[in-house]
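# Residue-level structural notes
Spelled out from the first residue to the last, the chains are:
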Amino acid sequence: MIIWLNGAFGAGKTQTAFELHRRIPGSFVYDPEEAGFFIRSNIPDTLKTPDFQDYPLWREINFRMLLDMDSRFDGNIICPMTITNKSYFDEIIGQLRQCRCDVRHFILWANAATLEKRLASRLEGKNSWAYQQIPRCLAAFESSITEGIIDTRELTVSQTAEKIASLCSIELLPDERSTARKKLDSIATQIKHVR
């Protein structure tokens, strides 16, 4: 199964992905952004675009990678990635489903005020790329990509992961970490994924 976690920046995709990974034995977190960073660092400046999702190669690489992993990997693949362009959604998720991959798509949703507060806690201000994408993301999740919305405003990361696991009929390992350990794990995940 491929569990695709969509949502605006600040919605909690990465934290939720690694919470699921910790509690689903044999799972794997696949990060589509890595393909974007590879492409961007290996092409001339004149070919670069502000959003690497606009590269057809980025969409093709991620589709092929996920298709290959799904055919050969026994565990669950967790994929945290914002995707708001319906055509791009269809090129990756739609094609995976056409190839009979079991893709479960969830939008981790929060309103603009909540997203702004979460981004501020990550020291991302109003001029950050993530902050400026909030209106575009929320508009897409109200109109073109609406499948699997989970309102995260009142949920902890653990509760969000538990809800997703329940909807996927996956039994999670119990979370026996202390509050302090959970906080340390959250900080470590955040630092590891600073872009």
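Placed above this text is the structure.
Residues numbered from 1 in each chain as written. Predicted model: local features only at pLDDT ≥ 70, side-chain atom pairs only at ≥ 80, totals over all residues. Heavy atoms only, no water.

## Some remarks on the overall build of the chain
The helix and strand tally for the chain stands at 9 helices and 5 strands. For the chain, the sequential pattern of α-helices and β-strands runs β-α-β-α-α-β-α-β-α-α-α-β-α-α. In terms of C-alpha radius of gyration, the chain reaches 16 Å, essentially the compact-globule figure of 16 Å for 195 residues. Projected onto its principal axes, the C-alpha positions of the chain cover 50 × 40 × 30 Å. Put simply, the chain has 195 residues, and 46% of those count as buried. In the chain, of all internal contacts separated by at least 6 residues, the share reaching a separation of at least 24 is 77%. (Helix = DSSP H or I, 4+ residues; strand = E, 2+ residues; numbered from the N terminus. Rg over C-alpha atoms; globule rule 2.2 N^0.38 Å. Buried < 20%, exposed > 50% of the residue type's maximum accessible area, 1.4 Å probe, protein only. Contact = heavy atoms within 4.5 Å.)

## Considering the nonpolar core
If you look at the biggest cluster of nonpolar residues, it comprises 55 residues, and the most contacted ones within it are Trp-4, Leu-20, Leu-66 and Ile-164. Excluding residues within four positions of it along the chain, Trp-4 makes contact with Pro-32, Leu-66, Cys-79, Met-81, Ile-83, Ile-92, Ile-93, Val-103, Arg-104, His-105 and Phe-106. (Core = buried A, V, L, I, M, F, W, Y, C linked by side-chain atoms within 4.5 Å.)

## Here we look at the pairing of strand S1 (residues 2-6)
Of all 5 residues in S1, 5 are buried; the element is thus mostly enclosed. Residue alternation in S1 divides its side chains into two sets, Ile-2, Trp-4 and Asn-6 and Ile-3 and Leu-5, and both sets are buried. Judged from the 4 bridges that link them, S1 and strand S3 (residues 77-80) form a sheet pairing that is parallel. In the strand pairing of S3, Leu-5 is matched with Pro-80. Alignment of S1 against strand S4 (residues 103-109), held across 5 bridges, turns out to be parallel. Bridge assignment links Ile-2 to a residue of S4, and that residue is Val-103. (Pairing = 2+ DSSP bridges.)

## Describing the sheet that holds strand S5 (residues 149-151)
If you walk across this open sheet you meet the 5 strands as S2-S3-S1-S4-S5, and the pairing is parallel. For this open sheet the edge positions go to strand S2 (28-29) and S5, each flanked by a neighbour on one side alone.

## Details of unusual backbone geometry
In this structure, Leu-123 takes a positive phi of about 65° despite not being glycine. Tracing the chain through its elements places Leu-123 in the loop between helix H5 (112-121) and helix H6 (129-132). On the basis of relative accessible area, Leu-123 is assigned to the exposed category, the value being 79%. Although it is not a glycine, Ser-169 sits at a positive phi angle of roughly 55°. Along the chain, Ser-169 turns up in the loop between helix H8 (157-167) and helix H9 (179-192). Owing to a relative accessible area of 68%, Ser-169 belongs among the exposed residues under this scheme.

## Observations concerning the packing of aromatic side chains
If you walk through the whole model with that rule in mind, you get 4 aromatic pairs. An angle of 70° between the planes, with centres 5.1 Å apart, marks the rings of Phe-9 and Trp-129 as edge-to-face. You can see Phe-9 sitting in the loop between S1 and helix H1 (13-23) and its partner Trp-129 sitting in helix H6, a full 120 residues away along the chain. Its relative accessible area of 15% is what places Phe-9 among the buried residues. (Phe/Tyr/Trp six-rings, centres within 6.5 Å; stacked < 30°, edge-to-face > 60°.)

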